[in-house]
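# Per-entry structural report
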4 protein chains.
Amino acid sequence: MISFENDYSVGAHPKVLQRLVETNNEVLPGYGNDSYCSRAAEKIKQACECPDAEVYFLEGGTQTNAVVISTMLRDFEGVVAAVTGHVSLHEAGAIEYTGHKVLQVPQHQGKIAAGELKTFLKDFYSDDSHEHMVFPGMVYISHPTEYGTLYSREELESLSQVCRQYRIPLYLDGARLGYGLTSQQTDVSLKDIAEICDVFYIGGTKVGALCGEAVVFTKKNTPKHFITMVKQHGAMLAKGRLLGVQFDALFTDDLYLEISRNAIEMADILKKVLREKNYPFYLESPTNQQFVILENEKMAELREKVVFCFWEKYDENHTVVRFATSWATTKEDIEKLSRYL
Amino acid sequence: MISFENDYSVGAHPKVLQRLVETNNEVLPGYGNDSYCSRAAEKIKQACECPDAEVYFLEGGTQTNAVVISTMLRDFEGVVAAVTGHVSLHEAGAIEYTGHKVLQVPQHQGKIAAGELKTFLKDFYSDDSHEHMVFPGMVYISHPTEYGTLYSREELESLSQVCRQYRIPLYLDGARLGYGLTSQQTDVSLKDIAEICDVFYIGGTKVGALCGEAVVFTKKNTPKHFITMVKQHGAMLAKGRLLGVQFDALFTDDLYLEISRNAIEMADILKKVLREKNYPFYLESPTNQQFVILENEKMAELREKVVFCFWEKYDENHTVVRFATSWATTKEDIEKLSRYL
Amino acid sequence: MISFENDYSVGAHPKVLQRLVETNNEVLPGYGNDSYCSRAAEKIKQACECPDAEVYFLEGGTQTNAVVISTMLRDFEGVVAAVTGHVSLHEAGAIEYTGHKVLQVPQHQGKIAAGELKTFLKDFYSDDSHEHMVFPGMVYISHPTEYGTLYSREELESLSQVCRQYRIPLYLDGARLGYGLTSQQTDVSLKDIAEICDVFYIGGTKVGALCGEAVVFTKKNTPKHFITMVKQHGAMLAKGRLLGVQFDALFTDDLYLEISRNAIEMADILKKVLREKNYPFYLESPTNQQFVILENEKMAELREKVVFCFWEKYDENHTVVRFATSWATTKEDIEKLSRYL
Amino acid sequence: MISFENDYSVGAHPKVLQRLVETNNEVLPGYGNDSYCSRAAEKIKQACECPDAEVYFLEGGTQTNAVVISTMLRDFEGVVAAVTGHVSLHEAGAIEYTGHKVLQVPQHQGKIAAGELKTFLKDFYSDDSHEHMVFPGMVYISHPTEYGTLYSREELESLSQVCRQYRIPLYLDGARLGYGLTSQQTDVSLKDIAEICDVFYIGGTKVGALCGEAVVFTKKNTPKHFITMVKQHGAMLAKGRLLGVQFDALFTDDLYLEISRNAIEMADILKKVLREKNYPFYLESPTNQQFVILENEKMAELREKVVFCFWEKYDENHTVVRFATSWATTKEDIEKLSRYL
């Protein structure tokens with residue numbers, strides 16, 4: 001059965017896996033102090049064109065969000081996020097578990113608007129009783145968002161300007177960053193992100209690694225004793241090489257972009273097929289996640305042959321579903337799907 | 001200068017203070033193990049007509065909410081509350097500090113609707129990915145609400161029915177409970193509340209005490225080793241008598257209701273005066289908090305002579321303000337105010 | 001029955017209570033913004049001879065320890081304390097509840113030794129794996145200690161020197177500070193404490209108040225948005241006046257010292273009586289808590305007529321008990337006790 | 001340079017790695033719902049001879065300790081552990097970060113004694129003020145301990161008996177469990193552990209996996225909604241297969257024991273060599289970690305050619321160092337080492 005369920009259904013990209021095999025017998029220091037972690041960090045700094053960047057490797061997205069947000073916030077602060085942000089909804093309260101509130105602002109296809117963010121912050125500080133409220137201490141965005149949408153460079157800059165005005169960091173969750181960077185409808189580069197954001201992460205798990213996310217602090221702003229707090233969160237691997245080797249592979253010969261490009265190309269073909277067959281899109285996504293409205297009967301029929309992801313109920317007779325592509329998606333997969341559509 | 005700023009601007013009701021004076025030299029056990037705490041608990045159980053009730057005394061509202069909510073929730077659970085609920089907004093993240101999310105539902109003049117609560121809970125459990133989300137583990141309401149409004153008995157019963165269906169407790173924040181019980185527009189008695197809610201608190205601080213709130217667990221459902229967790233929250237007074245003596249006084253000869261009734265009577269006179277002078281009300285409040293829309297100029301003028309509370313901006317030229325009455329408000333105060341209006 | 005159970009068995013000192021009565025009808029702002037809080041803070045600054053001091057009022061000792069320690073520590077830090085320190089043992093894990101470890105060092109009659117503290121800190125930093133351990137971020141001492149003992153000025157200075165060397169604050173828990181200041185065997189003044197410690201609190205609950213502790217930050221080092229974090233801990237009273245009025249009274253005409261002196265004088269008489277009757281002391285305490293070893297039979301007999309505090313088992317036939325004096329203890333009480341001994 | 005630094009210096013055992021390669025292209029569900037996780041769980045249940053066992057896979061040791069301990073404890077409880085326990089010292093306060101205290105008991109070469117545990121628990125409950133203290137809610141032991149030592153079956157049973165008497169679970173940290181099971185000086189089998197302990201984990205990271213620990217709840221006592229709390233701790237991998245495939249390999253054809261046996265055999269040869277050369281042992285360890293006292297000069301000399309682990313200072317002229325063996329250690333490594341000794 002072919003699967004478009006998500007971008008983490010198969011293992012690692014073969015080149016990533018190959019490097020794990022090749023380096024397996026090397027004797028290396030533990031806890032991220034190995035040469036592969038250093039090398040991967042160096043390559044990421046170069047890819048970001050940000051020599052000041054400080055790079056750390058963690059295992060998964062929720063973990064990374066919890067570690068980054070809780071170590072950057074002070075006790076009296078919360079993180080501002082879209083109501084649909086991953087940290088707001090789908091992390092089982094991981095942020096609150098660290099003692100911090102997620103302050104929700106409206107979303108527009110998964111994105112937050114600089115104007116609304118500014119209003120939120122302005123209103124907070126003009127409220128007489130704001131000393132009895134959670135201070136907005138950071139802004140969280142995802143790029144691509146949970147809906148596969150992308151910020152433009154101008155939108156990111158506007159958000160950043162608001163953050164700078166209020167002296168709070170802008171944090172970008174790049175669980176699927178590769179698919180944003182290689183979209184044909186983006187004007188945002190990795191360098192832009194490193195310039196604009198105070199901290200962000202480059203997702204590995206959903207872009208060809210077995211696990212792993214690379215956190216990049218861009219302004220020499222790594223929280224003091226970050227490593228100790230990573231340990232405290234149970235987020236440190238003894239064999240840190242597992243992350244270092246994978247990211248070293250991903251950032252060698254632009255593999256990270258190559259992987260992402262395949263998913264984008266396959267998504268573009270998929271979109272074309274869906275359009276030709278007149279399936280209505282739930283929203284216009286320029287990345288590897290495509291949201292389509294299916295008649296419930298059609299959905300049931302399709303489920304027999306294809307794995308895809310239930311997204312949400314649309315109305316009594318229709319459902320929004322998601323098709324996701326990845327490094328492993330092939331033209332043959334889409335041709336097969338096309339026959340069933 | 002006369003004050004309608006809030007219901008905690010003056011000290012304790014004279015009878016409460018008198019009892020503190022009369023009992024001051026008695027030698028009593030510490031930590032709430034004194035006879036006044038027991039006696040006050042007993043009187044509250046009688047007032048609630050709930051012989052099974054278990055009563056504990058804490059110092060303030062935010063503390064009580066944090067202690068009750070965090071000790072009743074399990075780690076994977078959050079508390080459902082109106083977006084305008086005190087726990088959602090004005091407690092500096094005290095609930096999140098204990099590791100739990102406040103799950104927000106819509107509000108209607110401060111109240112939540114049983115139908116919307118049910119939809120929220122149903123949607124949660126029908127979401128395929130709800131295991132990655134915070135479980136709704138409790139429902140928080142305030143009565144009167146932050147807007148001075150009241151639930152009807154039927155509304156409370158509907159909420160309770162939804163809670164029972166989903167096997168989660170219903171918690172009522174009664175910071176201003178007295179003003180709800182003595183409103184002329186209520187059909188809800190203390191007995192009703194004890195029957196309908198799984199836990200609630202009877203506010204002392206805003207109803208004539210110097211400090212103190214009485215938590216009532218109504219279904220033999222006090223969390224195990226509650227006292228230890230009260231200590232852990234820094235919420236236990238060595239001289240617990242301070243709370244016991246006050247609540248003993250408040251629940252002797254219906255003082256709690258007498259205090260509340262004065263505030264309600266004064267609020268009724270105040271409403272009449274405001275109506276006669278054609279001040280528009282922001283909403284219809286049946287309790288001791290009255291919300292009025294003032295022209296900004298009028299507001300500035302009035303501020304010279306009367307203390308009241310800024311609530312929120314209404315439009316460019318108007319502001320919503322709050323006038324609150326208490327045990328200490330007199331007809332003379334309102335007459336004076338009337339002259340300035 | 002006469003009681004030497006503890007120093008919080010009766011209500012407030014009459015002069016404290018009287019001020020609560022006198023000020024009861026004044027209309028005052030809430031949340032500690034009233035004139036009594038300011039005035040009390042001012043008087044405490046003068047008593048400390050520390051014009052830079054910043055003073056805040058909280059309700060109880062465990063609460064104060066949790067608020068001060070958690071707001072001064074960073075996430076990767078813990079607080080160093082004696083194994084017998086109140087925060088180590090008798091606060092139901094209130095410090096750990098805020099996410100911080102209590103790092104235990106040896107105790108000598110309740111005190112920690114500068115030399116051992118230095119060794120502890122030195123060993124920590126010379127441990128290769130200290131990045132995987134909790135950083136010592138603060139030192140907690142109590143004065144008087146849980147055993148009624150006192151640090152000398154030299155001992156405090158040595159501790160402070162070690163703390164300064166390692167750039168961590170020294171925090172003094174003064175739940176019973178008055179009894180330390182007025183002991184005949186001390187060379188430590190309030191001014192000394194304000195000079196030597198980075199933060200400390202002046203206990204009210206156990207020295208004549210109904211409740212309340214005054215936190216003093218001495219080096220312009222109040223944590224940012226401290227008030228918001230006090231609220232977050234549920235430690236803010238709406239009627240903050242309750243604390244302000246009491247501390248204003250305690251620091252008017254040296255009432256705080258007067259109260260303490262009575263307890264010390266009574267303790268001195270008590271010691272004399274006990275010595276005359278050849279009761280062995282468990283340790284030599286220069287303050288209001290006296291620890292005596294009783295034969296179990298004698299203890300049982302005495303319990304019929306006097307309330308005192310079980311401390312710990314000494315051996316099969318003997319028990320350590322505590323007699324505590326307070327502002328309310330009279331010569332008559334001791335004479336009565338003397339007859340039963 | 002040969003390395004005896006630790007048991008996580010090289011990658012995965014070749015058979016484990018091979019399975020990752022072989023299964024890489026399979027399309028599998030995420031979050032641990034794949035067939036390899038189920039199959040691995042099934043094999044572990046069989047290896048434990050415990051059909052009721054419930055098995056979950058997490059990434060690392062500190063994470064596992066934090067997740068297991070915090071989800072099994074209630075808010076008022078702490079975990080009892082040896083002062084040298086990993087959770088006491090080397091996890092950067094991960095347990096305290098979840099709000100729970102580590103209650104320390106004495107250690108004997110890393111082990112706790114049933115008698116002392118019983119005394120600790122008895123003393124707790126006989127303390128009049130235990131309601132103001134952290135309740136002992138669980139007992140943590142490591143096997144092998146941090147010093148490589150092992151409990152006998154009788155010792156484990158005695159600990160378990162005390163735990164059962166006080167109705168608290170016994171939790172065994174098996175980060176290096178394989179080395180315990182295959183030691184020639186043990187009478188404890190995996191079945192014994194599953195019978196005696198309420199929960200334990202089988203360490204993968206230090207026994208041949210790239211990462212991963214298998215948590216085994218043995219008494220149908222998995223905390224409710226455990227998966228949600230795993231997510232909340234940031235401990236859930238999207239590609240859960242990474243853990244499932246590895247443990248499936250480790251528990252196929254007794255690979256886990258084969259790996260462990262090699263380390264034990266190499267350790268035995270190493271011990272022999274060290275004894276022959278008259279190096280004094282710091283303690284007698286029956287597992288893969290050997291602690292030897294070196295003259296500082298010899299240590300410096302040896303460091304030029306061999307990597308080993310500084311353990312602690314012994315005296316001015318001597319140091320305790322650790323040599324660890326693993327699946328990758330060969331006779332040739334030891335022969336080489338032997339030449340340098």
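Look above for the structure.
What comes next concerns the included structure. Keep in mind that what you see is a predicted model, and the values were worked out from it rather than measured.

### Here's the deal with unusual backbone geometry
A cis amide bond links H143 of chain C with the next residue in sequence, P144 of chain C, at an omega value of -10°. Checked against the element boundaries, P144 of chain C lands in the loop between β5 (135–142) and α7 (153–165). The phi dihedral of N278 of chain B is positive, around 65°, even though this residue is not glycine. Note on placement: N278 of chain B falls in the loop between α12 (255–276) and β9 (289–295). Owing to a relative accessible area of 66%, N278 of chain B belongs among the exposed residues under this scheme. Within the chain, H225 of chain D stands out as a residue other than glycine whose phi angle is a positive 50°. Within the secondary structure, H225 of chain D is located in the loop between β8 (213–217) and α10 (226–232). Given a relative accessible area of 23%, H225 of chain D falls into the partly exposed group.

### As for the relation of the copies chain A and chain D
Superposition record for chain A on chain D: RMSD 0.0 Å, screw rotation 180°, translation along axis 0.0 Å. In short, the pair behaves as if placed about a two-fold rotation axis. Same-surface contact between copies: 100% of interface residues of chain A are shared with the interface of chain D.

### Regarding the packing of helix α6 (residues 114–126) of chain A against helix α7 (residues 153–165) of chain A
Residue and element names in this part refer to chain A. Two elements in contact, α6 and α7, have axes whose closest approach is 9 Å; the angle formed by their N-to-C orientations is 15°. The angle between the axes of α6 and α7 places the two elements in the roughly parallel class. Considering how the two elements wind past one another, α6 and α7 form a crossing that is right-handed. Together, A114, L117, K118 and L121 of α6 and S158, L159, V162, C163 and Q165 of α7 make up the contact between the two elements. Looking at the contact of α6 with α7, its residues break down into six nonpolar, two polar and one charged.

### As for the state of the cysteines
Scanning all chains against the criterion turns up zero disulfides over all chains. The closest cysteine sulfur to the non-disulfide-bonded C211 of chain B is located on C211 of chain C, 5.6 Å from its own sulfur. Classification of C211 of chain B as buried rests on a relative accessible area of 1%. C48 of chain C provides the cysteine sulfur closest to C50 of chain C, a residue in no disulfide bond, and the two sulfurs are 6.3 Å apart.

### Some words on the interface of chain A and chain D
Counting from both sides, the interface comprises 44 residues of chain A and, opposite them, 44 residues of chain D. Summed over both sides, the interface of chain A with chain D buries roughly 3,900 Å², with 59% coming from carbon and sulfur. On the chain A side of the contact with chain D, Y97, Q232 and K239 of chain A bury the most area, a combined 20% of that side's loss. Inspection of the chain A/chain D interface yields zero salt bridges. Our count for the chain A to chain D interface comes out at 26 residue pairs in polar contact (both at pLDDT 80 or more). Elements with a contribution of two residues or more to the side of chain A that touches chain D: α1 (14–23), α3 (61–72), α5 (94–97), α10 (226–232) and α11 (241–250) of chain A. The class makeup of the residues in the side of chain A that touches chain D is 19 nonpolar, 19 polar and six charged.

### Here we look at the interface of chain B and chain C
Listed by partner, the interface residues are 44 residues for chain B and 44 residues for chain C. When chain B packs against chain C, close to 3,900 Å² is buried across both sides, 59% of that on carbon and sulfur atoms. Ranking the residues of chain B by area buried against chain C places Y97, Q232 and K239 of chain B at the top, with a combined share of 20%. Where chain B touches chain C, the interface holds 26 residue pairs in polar contact (both at pLDDT 80 or more). At the level of secondary structure, the elements contributing two or more residues to the side of chain B that touches chain C comprise α1 (14–23), α3 (61–72), α5 (94–97), α10 (226–232) and α11 (241–250) of chain B. Residues of the side of chain B that touches chain C, tallied by class, amount to 19 nonpolar, 19 polar and six charged.

### A word on the pattern of salt bridges
By the definition in use, this model includes 68 salt bridges over all chains. Ionic pairing is found between E42 of chain A and K45 of chain A, a salt bridge with its closest N-O pair at 3.8 Å. Here E42 of chain A and its partner K45 of chain A are both found in helix α2 (residues 35–47), three residues apart, which amounts to about one turn of the helix. Look at E42 of chain A and you get partly exposed, because its relative accessible area is 38%. Salt-bridge contacts for E155 of chain C lead to K111 of chain C; the nearest nitrogen and oxygen are separated by 2.9 Å. You can see E155 of chain C sitting in helix α7 and its partner K111 of chain C sitting in the loop between β4 (102–105) and α6 (114–126), a full 44 residues away along the chain. E155 of chain C sits in the partly exposed class, given a relative accessible area of 34%.

Calculation rules
Residues numbered from 1 in each chain as written. Chains lettered and ligands numbered in written order. Predicted model: local features only at pLDDT ≥ 70, side-chain atom pairs only at ≥ 80, totals over all residues. Heavy atoms only, no water. Helix = DSSP H or I, 4+ residues; strand = E, 2+ residues; numbered from the N terminus. Buried < 20%, exposed > 50% of the residue type's maximum accessible area, 1.4 Å probe, protein only. Least-squares fit on C-alpha atoms with pLDDT ≥ 70 in both. Contact = heavy atoms within 4.5 Å. Axes fitted to C-alpha atoms, helices over the stretch in contact; angles between N-to-C directions. Parallel < 35°, antiparallel > 145°, perpendicular 65-115°, else oblique. Left-handed = near helix turned anticlockwise from the far one by under 90°. Nonpolar A, V, L, I, M, F, W, Y, C, P; charged D, E, K, R; others polar. Disulfide = S-S within 2.5 Å. Buried area = accessible area lost by both parts, 1.4 Å probe. Salt bridge = Lys/Arg side-chain N within 4 Å of Asp/Glu carboxyl O. Polar contact = N/O pair within 3.5 Å; in protein donor to acceptor, adjacent residues only side chain to side chain.

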